[in-house]
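Next come the chains, spelled out residue by residue.
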Amino acid sequence: MAASLVQGAVFTVMVVRAGMLRDAAFEAELAEQISRSPRFFLNAPVVLDLRNAQAFASAAEFAEARELLRRHTLMLVGIQNALPAQAEAAAAAGLAAFAPNSTGPRRVRPAAEPMAVTEPTAVSAAPPQTAAPAPAPPAAQSASGPQPALDRAPVKARLISQPVRSGTQIYARGTDLVVTAAVSAGAEIVADGNIHVYGPLRGRALAGAAGDTEARIFCRRFEAELVAIAGRYLVSEQMPPQQRGLAVEIALVDDRLTITPN
Amino acid sequence: MPAKIIVLTSGKGGVGKTTSAAAVAAGLAMRGHKTVVIDFDVGLRNLDLIMGCERRVVFDFINVINGDAKLNQALIRDKRNDNLYIFPTSQTRDKDALKRDGVERVLDELKDSFDYIICDSPAGIEHGAITALYFADVAVIVTNPEVSSVRDSDRIIGILASKSRRAEHNLDPVEIHLLLTRYSPDRVEKGEMLTIDDVKEILSIPLLGVVPESESVLRASNTGTPVVFDEGSPAGQAYLDAVARLLGEPRELRFLRPERRGFFRSLFGRA
């Protein structure tokens, strides 16, 4: 069935404006920034924004850009805001075409601003309204210049204030899930982000469903049948009985589900 | 006052839906309200037996839905109370015969001449049970104090909140009540049964009544007499209390003993 073959997912990808690549200072600036948080940038995907960039009309130029970014451990994966000819050349160079940002034209940054290199943006294979739970990358926080203002509304957590009854499934796509009532045995709550339950958690809770290993589950009364984070799971039989009924936090530590009373 | 449609439902079978439907309907009739009780358990016709009118059934609910009989040909008036009518179902058909628009037409017609329409739901969460609860204004969740019954009740409450007519049309939600039946204070004391608080805590819906496990219920079923007509029995009185609460009159809970440590707690307290 097509529905199971094609799944939507939302990612955070850095966008580099094409004009920057021609700037002599760019490489040095990029190298300096990467040296501050090398792990963050290691093999990180990059999208090239071609808005107002007249060049990049041949596959060779895209290959060159790819080489340049590769030298700095970045991977060019696609382009956006391309003219038709540019899009064709990019496709020939094996680059994907990403939809333009749903927030409309980007702001023009003052030339003096040193940190024009990276900026988180949501690139979505799913409908655009399901924006990514995009945390600002550490790079943006360590930037010496002024913090760039968020140009997207923050993603709202999904809030459920009715009891989640047995047999019901609730999925918070691309965001956190907050349940202020009980989650019954036989119910299933799923979130791509974190899960917070303020009533008793008696059913199943699956956080980080899209693979986020940083996701956590918080609950006030832990009586769950099953908990899972990014695919790692525990059934109630495997849970320490002395933690039943307590307020706990569940996280993935060294690839193991860890339940901590709090 | 427009007629109220009350469904008695549970998910699980054998918890006392039909007994309770008969008792609640008879109780409302005793309080002077014109009441009809409909058997939605097509193919497993029991309500007529519990009501003691099985030998008077000619036409049934399905005949009326299909237009083969008129409503007044199928309705059976109770011999003990003039306000009480029984609407039996077919024993030969199955639940697929419950067409939603047909059911709606029959219920609309009943609304003109009754104060309360009591729907006795079949067990399960399939077509028959869904059709029985679909048009409800009020749902009475019949639950026994044991874990499987409570879980099934929880499931059916979820269905009421998502698949009923009121949910689908964004009307005020179905008013939901808990009726705890076959409650045995002795077994609760021994920790063999969930306590009232355990069940209330899990289901978090208001408690309409607690009916004690009682010989009189079995006797009532076997003689085809709704248990409320046996006014001296604890179960009969408990049902009459529940009917009073349904009518908005506060009543103290009776026939319970003080509870101690709950079964649920002790279950989870162990490894």
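Each value, and the rule that gives it
- Residues numbered from 1 in each chain as written.
- Chains lettered and ligands numbered in written order.
- Predicted model: local features only at pLDDT ≥ 70, side-chain atom pairs only at ≥ 80, totals over all residues.
- Heavy atoms only, no water.
- Helix = DSSP H or I, 4+ residues; strand = E, 2+ residues; numbered from the N terminus.
- Buried < 20%, exposed > 50% of the residue type's maximum accessible area, 1.4 Å probe, protein only.
- Axes fitted to C-alpha atoms, helices over the stretch in contact; angles between N-to-C directions.
- Parallel < 35°, antiparallel > 145°, perpendicular 65-115°, else oblique.
- Left-handed = near helix turned anticlockwise from the far one by under 90°.
- Contact = heavy atoms within 4.5 Å.
- Arc of directions from axis to C-beta.
- Salt bridge = Lys/Arg side-chain N within 4 Å of Asp/Glu carboxyl O.
- Core = buried A, V, L, I, M, F, W, Y, C linked by side-chain atoms within 4.5 Å.
- Nonpolar A, V, L, I, M, F, W, Y, C, P; charged D, E, K, R; others polar.
- Buried area = accessible area lost by both parts, 1.4 Å probe.
- Pairing = 2+ DSSP bridges.
- pLDDT = per-residue confidence, 0-100.

Moving on, we get to unusual backbone geometry. Positioned with a positive phi, T73 of chain A is a non-glycine residue whose angle comes to about 65 degrees. Structurally, T73 of chain A is set in the loop between α5 (59-71) and β3 (74-80). Even without glycine at this site, R182 of chain B takes up a positive phi of about 55 degrees. With respect to the element layout, R182 of chain B can be found in strand β7 (residues 175-183). Relative accessible area serves as the criterion here: at 37%, R182 of chain B is assigned to the partly exposed category.

Residue and element names in this part refer to chain B. Where helix α6 (residues 127-134) contacts helix α7 (residues 147-163), the axes come no closer than 10 Å and their chain directions differ by 60 degrees. Our classification of the angle between α6 and α7 gives oblique. Crossing hand, α6 versus α7: right-handed. Packed against α6, whose contacting residues are I130, L133 and Y134, the element α7 presents I156, I159, L160 and K163 at the interface.

This part covers helix α3 (residues 24-36) of chain A. Quick reminder: α-helices carry 3.6 residues per turn. Residues three or four places apart thus point the same way. All names here are of chain A. Listed in full, the buried residues belonging to α3 are F26, L30, Q33 and I34. Relative to the axis of α3, the buried residues are bounded by an arc of 95 degrees and lie together on one face. Facing away from the buried side of α3 by more than 90 degrees, the exposed set consists of A24, A28 and S35.

Turning next to the pattern of salt bridges. Pairing is possible between side chains of opposite charge, provided their charged atoms come close. Considering all chains together, one arrives at 22 salt bridges over all chains under this definition. Across the pair E27 of chain A and R71 of chain A runs a salt bridge whose closest N-O atoms are separated by 3.4 Å. Placement of E27 of chain A in helix α3 and of R71 of chain A in helix α5 is noted, with a sequence separation of 44 residues between them. Since its relative accessible area comes to 53%, R71 of chain A is described here as exposed. Ionic pairing is found between R251 of chain B and E249 of chain B, a salt bridge with its closest N-O pair at 3.1 Å.

So, on to the nonpolar core. Residues and elements named next belong to chain B. The biggest cluster of nonpolar side chains holds 54 residues, and the ones touching the most others in it are F61, F87, L110 and I117. Per-element accounting of this core gives the leading share, five residues, to α7. When residues no more than four places from it in sequence are discounted, the contact partners of F87 are V36, V37, I38, D39, D60, F61, V64, L71, A74, L75, V106 and L110. Grouped together as the second largest cluster of nonpolar side chains are 37 residues, A21, V37, A242 and L246 included.

Before going further, it helps to examine the packing of α7 of chain B against helix α10 (residues 196-203) of chain B. Residues and elements named next belong to chain B. Running from N to C, α7 and α10 cross one another at 30 degrees; their axes reach a closest spacing of 10 Å. Judged by the angle between their axes, α7 and α10 are roughly parallel. Read as a crossing pair, α7 and α10 show a hand that is right-handed. Contacts between α7 and α10 involve V150, S153, D154 and I157 on the former and, on the latter, V199, I202 and L203. Broken down by class, the residue content of the contact of α7 with α10 amounts to five nonpolar, one polar and one charged.

Let us now look at the interface of chain A and chain B. Tallying the contact residues gives 13 residues for chain A and 15 residues for chain B. Roughly 1100 Å² of surface becomes buried between chain A and chain B when both sides are summed, with 45% attributable to carbon and sulfur atoms. The largest share of the area that chain A buries against chain B comes from R165, S166 and R202 of chain A, three residues that together contribute 48% of it. At the surface where chain A touches chain B, the tally comes to four salt bridges. With a shortest N-O distance of 2.9 Å, D154 of chain B and R165 of chain A are connected by a salt bridge. Each residue belonging to the side of chain A that touches chain B can be placed in one class, and the counts come to four nonpolar, three polar and six charged.

Right, let's get into the sheet that holds strand β10 (residues 195-201) of chain A. Residue and element names in this part refer to chain A. A sheet is described by the order of its strands in space; here six strands give the open sequence β6-β8-β10-β12-β15-β16, paired in mixed fashion. For this open sheet the edge positions go to β6 (158-160) and β16 (256-261), each flanked by a neighbour on one side alone. Between one strand and the next, the sheet's axes are offset by a mean angle of 20 degrees, whatever the strand orientation. Note that strand β15 (residues 248-253) and β16 share six bridges and pair antiparallel. Following the sheet pairing, A251 is matched in β16 by T258.

Residues and elements named next belong to chain A. Here chain A shows a mean pLDDT of 79. Residues at 70 or above account for 76%. Mean pLDDT values for the elements of chain A range from 39 in strand β5 (residues 120-124) up to 98 in strand β8 (residues 177-179). Low pLDDT (under 50) marks residues 102-149, which in the prediction has 91 contacts with non-local residues, meaning those over four places away or in another chain.

So, about the pairing of strand β14 (residues 232-235) of chain A. Residues and elements named next belong to chain A. Of the strand pairs in this sheet, strand β13 (residues 226-229) and β14 are connected by four bridges, and their pairing is antiparallel. Residue I229 lies in a different strand from β14, and its bridge partner there is R232. With antiparallel pairing between neighbouring strands as the criterion, β13 and β14 make up a hairpin whose turn holds two residues, including A230 at a positive phi of roughly 50 degrees.

This next bit is on the sheet that holds strand β8 (residues 207-212) of chain B. Residues and elements named next belong to chain B. As summarised here, the arrangement of the eight strands in space is β3-β4-β2-β5-β1-β6-β7-β8, forming an open sheet in which the pairing is mixed. Edge strands, defined here as strands with exactly one partner in the open sheet, are β3 (76-77) and β8. Where strand β1 (residues 4-9) meets strand β5 (residues 116-120), five bridges bridge the pair, whose relative direction is parallel. For L8, the partnering residue across the bridge sits in β5 and is D120. Most of the contacts of helix α1 (residues 17-30) go to β5, to which it runs at about 170 degrees, and overall it touches β1, β2 (35-39), β4 (84-87), β5, β6 (138-143) and β7. Sitting on the sheet, helix α12 (residues 234-246) is in contact with β1, β6, β7 and β8, with an inclination near 175 degrees to β8.

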